[in-house]
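Here's the letter readout for the chains.
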Amino acid sequence: MGRGTEIAEVFGEDLGELALDWVDGEVREVRVRREEGVAARRRAEGEERFVFVSGSGEPAVREAIRALRAESGGEPLPIRASRTADPEADALFPEADRWTRRLMGALARYAPRHALTFRIRETRRRVIGDGRRSASSVRRLVSLEGRFTAASRAGDERRPFAFHAPDSDAVADELKTRLAAAAAPRDRPVPPPAGPTDVILAAGCAAIFFHEVLGHPLEADADTSPYRNLPDARLSVHDLDVRDDPRRLDLFGGYETDDEGTAPRAVRLVLSGRLGSRLTDRTHGGAVGSTGHGRRAGPADAPRPRGSNVLVAPGSADTEEMLRRLGNGLWIEELSGGSVEIASGGFRLRFPRARRVRRGGLADEVGGGVLAGEMLASLSAVEPAFGREQRVHRSFGWCARDGHLVPVGGAAPDVLLRRLTVRPDA
Amino acid sequence: MNAEDVAGELARRAPGQWELYRKTAESREWETAAGATRVSWNREEGWAARWWREGGPRFAAASSAARLVPAIQTADTTAMSDTPAPEWPSRNVPARAAEDPLPEPATELFADLSRAIAAASRAEASLASLAVRSGRASERLVNAAGLDVSQELRLVDGLARCVARRGARARETRIPFRWDAAPDLDALARRLADAATLPLSDRPAPISSGQWLLDPAVGAALLSSLTPLFVTDRPPRWLVRGALLPPAFAIVDDASRDAAYDGEGVPTRRTVLVEDGAVAGRLLDLMGARRTGHRSTGHGVRPSYRLPPRAAPRRLFFEAADAVAPSELLPSVTRGLFAAALTAPPRVDVDADRYEIEFTGISIAAGRATGPVAGARSSGRLSELLRRIRRASTDLQFFPMPYPCGSPTLLIERASFD
């Protein structure tokens, strides 16, 4: 299909998902989804044609290519009878029973009162590109999210919970450990202090901060990013190294080939405090080519350059040293969401709870609020001390941009940020 | 494998307790940005089955009938708690086919909207990208009670992205839109220009309390955030007496002009949720109707074939008994702020009776605009905010939330700002 510098590809996707709604130890609703689709893309001279048809196999591929040729003004392909094979009666999610038993046990023990949704999603993708380039990938992802009631020292408390991980032998045990930690007794929270505050982003949640202030602005189609005019600029302390690495398959955003069939490589977002490279797909790769960050949100969506797993290099400080450097401020282990407005550089991170730090020691529990700042100012306010352990943040799972949702992940050490603005929840 | 085969499979597994939904949709999308265009064509087919067996609701969705059957088999294996099945509607309406092609968008839309934004912003803002989608969908729903209804839906919607610059500072804004009639480019351009340029002023709110004038887009976002009040089984404690708004106001949901049926095959009808300021009804799907012992109000909404229907608004809007012309509202503001656009999604906790709205706009004194306000926040008790709505204008406008949600310009007394 392809000629010269054109891009021409056919994408196939088969998505299966099992969702179980759990309420107080019982499954209240079961949902199973099986979606197949074929898309075709042709890009030349700044114009892209993209078509999508539901279905799979030869009939759907032929229909997609025929539609793409018609859209591009080419000669239509002859219509000929296709071999229509009945889909094989494959068993979907044979492990569903095992998961149900595991969850029943874990929830009964740590969070008997809950409203949680458990999901297993399997995505099989295939790309056939110009020059006989072809690649396929399979990802299985597990999520548990919702709310539960914890019996805390100050009485019952509703707490949010989110866990996202690639499916593996160890994932059930890790989920149980995280659930137990989330259900641990806590004191009654007081409102967080409003105004400029120094914070430590702990337990790996700094990955979300860097995802917002580095990942999104360095996506190659972020045409209003202030970083476009700052190549190799010093943005932060010399000790700061941040990369985006899809090859970390133990993280939620990992993959072996991206959705355009490119083998991904790790991209330095910040290296020794200096601004690194952009995250590119085939369309935006230029002379050096794609970095393997072309990602599709679903079978009907075209690839776009998107981030995957944000990894922040650890330092050498232990918890005591980090707290001593902080002095007074907030210790935050959980972020429930984030957003960035790229043109102005403003970002927000929402935290459901935190611990106040006074004179280098952990003090009272505080409730939720928003951390706000400006990305260049906040990067320059990163303290040159990083925790010695890089921790995976499993609450970090899905990133939405223009309604396109892709799995993302991250791991980070404890990071100390100065002068962020805290706004308590109303 | 066809619809009859799948219906047979469902009837065998859950006699008398099943429904089968099929959707075929076609859409065309044009996306234009600086130096690049993308034209997309999409033909989607979706099947969804819902049935009750051994206690609870089970749901399976697939992109073909052949794939739906194994999905049904998988969903049928998990043990569930007991949830009563709904009373299924029954009605037969012959299918109506429409084969006319999708309309092509006007090729000059990008240029026209660019010009309108430049005019509305005194050339400070420019259109960065515009995506317009024109689509149609055919739906058919059958169930165990003999229901067999079909309908065709049409939609033109999109997303516009605008960037404003002043000196070294920049601001980007994205606004989704939906056109039920001919495109109103001037209104869209004004919203984009205001949302992008007003925050660049750096001027904080000059007052900490006063009157608050809400643009229809801000009023619609506030109304949309009240949705939990109309779908919950247990209204919050502060609403026990039922008074939500001043007596001259009503909240209504009426999607009659959009579709004849909801996602469960129940005929669409006007539902009054708040009448004379007091809560008078709620949005019910079949499950909600079963729980409460009432009839479904036709609000079983399928956001996609991939998800089971849930009670949700379909076309929600404010009605005011003594609405005045928009030009009459501004002179009645002695000291206050006009909220032209939101700078963050509204945060409303209906259980805790709290709200927080961040906006950009214009300060007003003695009925005259006195200057831009880069950013302000109003927060407090939701119940107080709603009871302090004093007047509304006649300029009811609808915005995608993503369902159409409509509000006129609203005037609120005694709001607090920071």
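Here is what the cut-offs are and how they apply
- Residues numbered from 1 in each chain as written.
- Chains lettered and ligands numbered in written order.
- Predicted model: local features only at pLDDT ≥ 70, side-chain atom pairs only at ≥ 80, totals over all residues.
- Helix = DSSP H or I, 4+ residues; strand = E, 2+ residues; numbered from the N terminus.
- Rg over C-alpha atoms; globule rule 2.2 N^0.38 Å.
- Buried ≥ 20, exposed ≤ 12 C-beta atoms within 10 Å, placed from the backbone.
- Contact = placed C-beta atoms within 7 Å.
- Domains from an automatic or database assignment.
- Nonpolar A, V, L, I, M, F, W, Y, C, P; charged D, E, K, R; others polar.
- Pairing = 2+ DSSP bridges.
- Expected span 1.5 Å × (residues − 1).
- Arc of directions from axis to C-beta.
- Axes fitted to C-alpha atoms, helices over the stretch in contact; angles between N-to-C directions.
- Parallel < 35°, antiparallel > 145°, perpendicular 65-115°, else oblique.
- Left-handed = near helix turned anticlockwise from the far one by under 90°.

J.: Talk me through the overall build of chain B; I want residue IDs and the actual numbers.
T.: Check the secondary structure of chain B and you find nine helices and 21 strands. For a compact globule of 418 residues, the expected C-alpha radius of gyration is about 22 Å, and chain B comes in at 24 Å, within 12% of that figure. Its C-alpha atoms give chain B principal-axis dimensions of roughly 70 × 55 × 35 Å. Buried residues in chain B amount to 48% of all 418 residues.

J.: Break down the overall build of chain A for me, citing the residues and quoting the values.
T.: Helices and strands together make up the secondary structure of chain A, namely six helices and 25 strands. Taking 426 residues into account, the globule formula puts the C-alpha radius of gyration at 22 Å, and chain A, at 23 Å, falls close to it. For chain A, the spread of C-alpha atoms along the three principal axes comes to 75 × 55 × 35 Å. Here chain A holds 426 residues, and 49% of them are scored as buried. At a minimum sequence separation of 6, the contacts of chain A that also span at least 24 residues come to 71%.

J.: How would you explain the domain arrangement of chain B if you had to name every residue and give the values?
T.: Residues and elements named next belong to chain B. By domain assignment, chain B separates into domain 1 (3-200) and domain 2 (202-416). The C-alpha centroid of domain 2 is placed 23 Å from the C-alpha centroid of domain 1. On the side of domain 2, 25 residues touch domain 1, which itself brings 29 residues to the contact. Contributing elements (two or more residues each) for the side of domain 1 that touches domain 2: β1 (18-33), β2 (36-53), β3 (56-62), β4 (125-143), β5 (148-166), β6 (169-178) and α4 (185-197). Partitioned by chemical class, the residues of the side of domain 1 that touches domain 2 number 17 nonpolar, three polar and nine charged.

J.: How would you explain the domain arrangement of chain A if you had to name every residue and give the values?
T.: Quite often, the size of an interface is put as the accessible area lost when its parts meet. Residues and elements named next belong to chain A. What the domain assignment reports for chain A is domain 1 (7-182) and domain 2 (195-424). The C-alpha-based centres of domain 1 and domain 2 are spaced at 25 Å. Each side of the interface is counted separately: domain 1 has 29 residues, and domain 2 has 23 residues. The set of elements that each furnish at least two residues to the side of domain 1 that touches domain 2 consists of β1 (7-23), β2 (26-44), β3 (47-54), β4 (113-129), β5 (134-152) and β6 (155-166). Residues belonging to the side of domain 1 that touches domain 2 are distributed by class as follows: 14 nonpolar, six polar and nine charged.

J.: Mind laying out the interface of chain B and chain A, listing which residues take part and the relevant values?
T.: Taken together, the 46 residues of chain B in the interface contact 44 residues of chain A. For the side of chain B that touches chain A, the elements supplying multiple residues, two or more each, are β2, β3, α2 (65-75), β5, β6 and β16 (354-365) of chain B. Sorting elements by how many residues they give to the side of chain B that touches chain A places β2 of chain B first, with 10 residues. Looking at side-chain class alone, the side of chain B that touches chain A contains 20 nonpolar, 13 polar and 13 charged residues. As defined by bridge partners, β3 of chain A adjoins β2 of chain B across seven bridges and the pair is classed as parallel. Across the sheet, the residue bridging to R49 of chain A is V39 of chain B, located in β2 of chain B.

J.: So what about α4 of chain B? Which residues, and what values?
T.: If you check α4 of chain B, its first and last C-alpha atoms are 18 Å apart, about what 13 residues at 1.5 Å a residue would give, namely 18 Å. All of the buried residues along α4 of chain B are L188, A189, R191, L192, A193, D194, A195, A196 and T197 of chain B.

J.: For helix α2 (residues 96-110) of chain A, give the residues involved together with the corresponding values.
T.: Three or four residues apart is the spacing at which side chains of an α-helix point the same way, because the helix has 3.6 residues per turn. Residues and elements named next belong to chain A. In this model, α2 (15 residues) spans 21 Å end to end at C-alpha, consistent with the 21 Å of a helix rising 1.5 Å per residue. For α2, the set of buried residues is A96, W99, L103, L107 and Y110. One face of α2 carries all of its buried residues, which in axial projection span an arc of 80°. The exposed residues of α2 that point more than 90 degrees off its buried face are D97, R98, R101, G105, A108 and R109. Tucked inside the fold, the buried residues of α2 contact β1, β4 and α3 (171-182).

J.: An account of the packing of helix α3 (residues 109-120) of chain B against α4 of chain B is requested, with residue identities and associated values reported.
T.: Residue and element names in this part refer to chain B. Orientation of α3 relative to α4, taken along the N-to-C sense of each, is 50°, at an axis distance of 8 Å. Our classification of the angle between α3 and α4 gives oblique. The handedness of the crossing between α3 and α4 is right-handed. Contact residues: D112, L113, A116, I117 and A120 in α3; L185, D186, L188, A189, R190, L192 and A193 in α4. By residue class, the composition of the contact of α3 with α4 is nine nonpolar, no polar and three charged.

J.: How would you summarise the sheet that holds strand β13 (residues 309-312) of chain A if you had to cite specific residues and measurements?
T.: Residues and elements named next belong to chain A. Read across the open sheet, the six strands follow the order β10-β9-β8-β13-β24-β21; overall the sheet is mixed. Pairing within the sheet leaves two strands with one partner each, and these edge strands are β10 (274-275) and β21 (391-392). Relative to strand β24 (residues 409-412), β21 runs antiparallel, the two sharing two bridges. What sits directly across from V392, in β24, is A411.

J.: Give a detailed account of the sheet that holds strand β19 (residues 397-400) of chain B, specifying residues and quantitative values.
T.: All names here are of chain B. Spatially, six strands are ordered β10-β9-β8-β13-β20-β19 in an open sheet, and the strand pairing comes out mixed. Two strands bound the open sheet, and with one partner strand each, they are β10 (278-279) and β19. Across five bridges, strand β8 (residues 249-253) lies against strand β13 (residues 316-320) in antiparallel orientation. Residue pairing across strands places D253 opposite L316, the latter belonging to β13. The sheet strands contacting helix α5 (residues 216-225) are β13, β19 and β20 (404-407), and the helix crosses β20 at an angle near 120°.

J.: Kindly report on the pairing of strand β16 (residues 346-351) of chain A, identifying the contributing residues and their values.
T.: All names here are of chain A. Only one face of β16 is covered, namely the face carrying F347, L349 and F351; the face carrying G346, R348 and R350 is uncovered. Across five bridges, the pairing between strand β15 (residues 337-341) and β16 is antiparallel. For G338, the partnering residue across the bridge sits in β16 and is L349. Where β15 folds back onto β16 in an antiparallel hairpin, the turn is made up of four residues, including G345, whose phi is positive at roughly 85°. In this structure, β16 lies alongside strand β19 (residues 369-374), joined through six bridges in antiparallel fashion.

J.: Let's hear about the environment of A205 of chain B: which residues, and what values?
T.: All names here are of chain B. With respect to the helices and strands, the residue A205 is situated in the loop between α4 and β7 (209-214). Each C-alpha atom, one on A205 and one on R377, is 8.8 Å from the other, the two residues being 172 residues apart in sequence. Setting aside chain neighbours within four positions, we find A205 in contact with L337, V373, A376 and F417.

J.: Before we move on, can you summarise the pairing of strand β22 (residues 398-401) of chain A with the specific residues and values?
T.: All names here are of chain A. By the bridge criterion, four bridges tie β22 to strand β23 (residues 404-407) in an arrangement that is antiparallel. Residue C399 lies in a different strand from β23, and its bridge partner there is V406. Taking the residues that link successive antiparallel strands as the turn, the β22-β23 hairpin has two residues, and the phi of D402 there is positive, at about 50°.

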